[in-house]
Amino acid sequence: MIPIGDNILSSLGFSTAENYRAVQSGRTGLCFYEAYPGISEPIVASCIDRTRLDDCFSAAGGNPLEYTPLERAALLSVTFAAEQAGIDLAAPEVLFVFSSTKGNIHLLEEGAEARSDSRLYLWHTAGRIARYFRNANEPVVVSNACISGACAQIAAMRELAAGRFTCAVVVGVDLLSRFILSGFLSLKALSPAPCRPFDSERNGLNLGEAASTIIYRKVREEDSPQGVSLVEGAIRNDANHISGPSRTGEGCFRALQAVLKDHSPDDLAFICAHATATAYNDRMETIALTRAGLHQKPVNGLKGYFGHTLGAAGILESILTIRALQDGVILPTFGFTRGDTDYPLAVTNRMGYTQKTCALKMLSGFGGCNAALLFRKITRHAS
Amino acid sequence: MRPLYVRRTACVTTRAARVNGEEIPVVATSDPFLTALYRRLGIDYPRFFKMDGLSKLGFLASELLFWGDASRFLPREDCAVICFSRTSSLDTDRRYQASMRDYPSPSLFVYTLPNIVTAEIAIRNKLYGETSVYICETYNPHQIFRTIRNTFAHQPLRSALAGWTEYDGDTGEAFLMQIETQAASASEPLLSAGFLTTAKHNL
Amino acid sequence: MDELILKLKREIIDVLNLEEVSPEDIATDAPLFGEGLGLDSIDALELIVLMEKNYGIKLKDPTQGRDLFKSIRVMAEYIRENRTK
């Protein structure tokens, strides 16, 4: 299956092109917030411009008052992706797949009334998004913590292969709230400075807001003259701890093995890691890549540009991976200078160029879950 | 598509527990029912007491499914854990939200992710396979059946624990099935969504 | 001091949900982490919350916990010297 439309809506812009250009020119969307509302310490985060969001949402024909900010971001992202795809989202053969870690969780703060607010349910949010586009199919909603964006693409791939649907709108979104920020602070997982993925001096992650969408269409590769297709996806568990990453990179290693089972690592142009910039995550991924024999492949991480965008991350980072693979470039890892010396990894910190045809996207999350996606560039002589 | 079979079903609510429709007798004590069931089953796994309601339900249902299985703790990658839920982690979300007024609790925050129940089952049984949670408005047999089949279609799985895990603070239910690609003596074929309708109805 | 040690043990059992552990089961000088109580990284974070909530001690750096949570006695001594409530 190939993407026929996509969109990234983030602090770095409201289109894939804007975001891609920003990343290529080395800009970051991370900002320092001395006093984020309701949060006791200063934080570094990447936030969507809410005024621009509402203006664009209104311009696209939506009524901001009818939707929560999270819903507006998701709806706008799908609207932009659909314009590019040029398909009728209301068609019965189109399926919506929704990815979010906490959805409209900020509503809990709005008092007792919100205790029974149906907008707190992820199926409700997904349903509103599908209905906005007059799509009558029950959306698929995945909820696997930080790997949800990869799981949503895997679910889409399976649904398209099963035959009932021909297109899948995969949309991921998360916005920041006191709930999420205080939680990550309580886990001592946040860095007070811009994050430094894979750097030996990394000391935590930053959170970010984003909505991102990929619209996939089922095609036979030989029928598609160009593009990048999602060819494999796997989810594996560490079976080790509910929040700490495995010291052996167990689930991550097994996910990598699963997606490469029928593919040669020689074709890998680069690997886009989860790379949250916490000490443990990046170490875990390094161990998994080393065990899989992939430690000499170029590796990048994109959280230095966007922060960790939670349920949107797997989709946002896949879009940039697809774009880069298509253009034969390897995007730099913002925030990385020098890696751990005991486990050397070929982390990129400047633009690279490649002729190779495949790229891997890795994700890991709470609950010991890990996902890997394999993308392949469709070459002209494919048959 | 390989045929699938259901070897066993287990249902744990906040008041009763059943395996293949038969109730497990649990003598009422001053403990909450789930704790009484844990003790009745003679489980020695102190992590249980750290779990939230959703995880306790799912964990106990999985214990009932693996009951008496000598090979249950052998590490394996060919068994998936797939849960479906309406309310997700909302009960724990509310409890975490309450803790925020004072000191946000890191252990509550971790359980504000609904996939932790799948992790608890995977950790206990050393299951390295796929763990997935899907959120749906209702127990929708068609969507659940389709998702289970899709999961088996794309990887060399031999078995899965799959079903409905729901907890809203007062009531809760984990209805899990042990699904296999090989027929066993008492297993029933999982041919259509109809099986899922009947199986849950019969509980 | 003995009173503080007992109080601390009770608080730890309560906050970490050590349902089947009684204060007598926790050796005052034994390591809190590692074998024994089976505590993990989230438990360590909950202990950091406990220090702040019950004794007004704010740990700036979570790695401080490593030295502090060596044993109940080490914790109790630190609390006695640094508590603000």
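Residues numbered from 1 in each chain as written. Chains lettered and ligands numbered in written order. Predicted model: local features only at pLDDT ≥ 70, side-chain atom pairs only at ≥ 80, totals over all residues. Heavy atoms only, no water.

Attention shifts here to the interface of chain C and chain A. At the interface, six residues of chain C touch six residues of chain A. Summed over both sides, the interface between chain C and chain A buries roughly 540 Å², with carbon and sulfur atoms accounting for 65% of that surface. The largest per-residue losses of area from chain C upon contact with chain A belong to Ile42, Leu45 and Pro62 of chain C, which jointly make up 59% of the total buried on that side. Counting across the interface, chain C meets chain A through zero salt bridges. Where chain C packs against chain A, one counts one residue pair in polar contact (both at pLDDT 80 or more). (Contact = heavy atoms within 4.5 Å. Buried area = accessible area lost by both parts, 1.4 Å probe. Salt bridge = Lys/Arg side-chain N within 4 Å of Asp/Glu carboxyl O. Polar contact = N/O pair within 3.5 Å; in protein donor to acceptor, adjacent residues only side chain to side chain.)

To continue, consider the layout of surface pockets. The volume enclosed by the second largest pocket comes to roughly 650 Å³. If you trace the second largest pocket, you find 31 residues lining it, with Ser105, Ser107 and Leu108 of chain B together with Val15 and Asn17 of chain C closest to the centre. Listing elements by their share of the lining of the second largest pocket, those giving two or more residues are helix H2 (53-65), helix H3 (90-100) and helix H4 (106-110) of chain B together with helix H1 (2-15) and helix H2 (41-55) of chain C. Take the lining of the second largest pocket: its biggest share by element is seven residues, from H2 of chain C. In the lining of the second largest pocket, the residues fall into twelve nonpolar, six polar and 13 charged. (1 Å grid on protein atoms, 1.4 Å probe; cavity = no way out; pocket = protein on both sides within 12 Å on 5 of 7 lines; lining within 4 Å. Points joined across faces, edges and corners; volume = space filled by probe spheres on them. Helix = DSSP H or I, 4+ residues; strand = E, 2+ residues; numbered from the N terminus. Nonpolar A, V, L, I, M, F, W, Y, C, P; charged D, E, K, R; others polar.)

By convention, interface size is frequently given as the accessible area that disappears when the constituent parts associate. Taken together, the contacts link 47 residues of chain A with 45 residues of chain B. Summed over both sides, the interface of chain A with chain B buries roughly 4300 Å², with 56% coming from carbon and sulfur. Broken down residue by residue, the surface that chain A buries against chain B is led by Trp123, Arg158 and Ile242 of chain A, which jointly contribute 18%. Our count for the chain A to chain B interface comes out at five salt bridges. In this structure, Glu130 of chain B and Arg158 of chain A form a salt bridge, with 2.7 Å as the shortest nitrogen-oxygen distance. Counting every contact that joins chain A to chain B gives 20 residue pairs in polar contact (both at pLDDT 80 or more). Counting only elements with at least two residues in the side of chain A that touches chain B, the list comes to helix H4 (122-132), strand E5 (140-142), helix H5 (148-162), helix H6 (178-186), strand E9 (228-237) and helix H7 (250-260) of chain A. Here the side of chain A that touches chain B is composed, by residue class, of 24 nonpolar, eleven polar and twelve charged.

To continue, consider the sheet that holds strand E7 (residues 207-208) of chain A. Residues and elements named next belong to chain A. Judged by pairing direction, the sheet is mixed, and its three strands sit side by side in the order E2-E3-E7 without closing on themselves. Looking along the sheet, the strands with just one partner apiece sit at the ends: strand E2 (31-33) and E7. Relative to strand E3 (residues 43-46), E2 is paired through three bridges, and the arrangement is antiparallel. Among the inter-strand pairings, Cys31 is bridged to a residue of E3, identified as Ala45. (Pairing = 2+ DSSP bridges.)

This brings us to the packing of H2 of chain B against helix H5 (residues 116-125) of chain B. All names here are of chain B. Close contact between H2 and H5 brings their axes to 8 Å; oriented N to C, the two are set at 40°. On the basis of the axis angle, H2 is oblique to H5. Handedness of the H2/H5 crossing: right-handed. Here Leu54, Ser55, Gly58, Phe59, Ser62 and Glu63 of H2 lie close against H5, whose contacting residues are Ile116, Val117, Glu120, Ile121, Arg124 and Asn125. (Axes fitted to C-alpha atoms, helices over the stretch in contact; angles between N-to-C directions. Parallel < 35°, antiparallel > 145°, perpendicular 65-115°, else oblique. Left-handed = near helix turned anticlockwise from the far one by under 90°.)

This paragraph deals with helix H8 (residues 279-291) of chain A. All names here are of chain A. Along its 13 residues, H8 runs 19 Å from first to last C-alpha, staying within 8% of the 18 Å computed at 1.5 Å per residue. Within H8, the full set of buried residues consists of Asn281, Asp282, Met284, Glu285, Thr286, Ile287, Ala288 and Leu289. As for H8, its buried residues are in contact with H7, strand E10 (268-272), strand E11 (299-300), strand E14 (358-365) and strand E15 (369-377). Of the residues one or two after H8, Gly293 is the one with positive phi, at around 75°. (Expected span 1.5 Å × (residues − 1). Buried < 20%, exposed > 50% of the residue type's maximum accessible area, 1.4 Å probe, protein only.)

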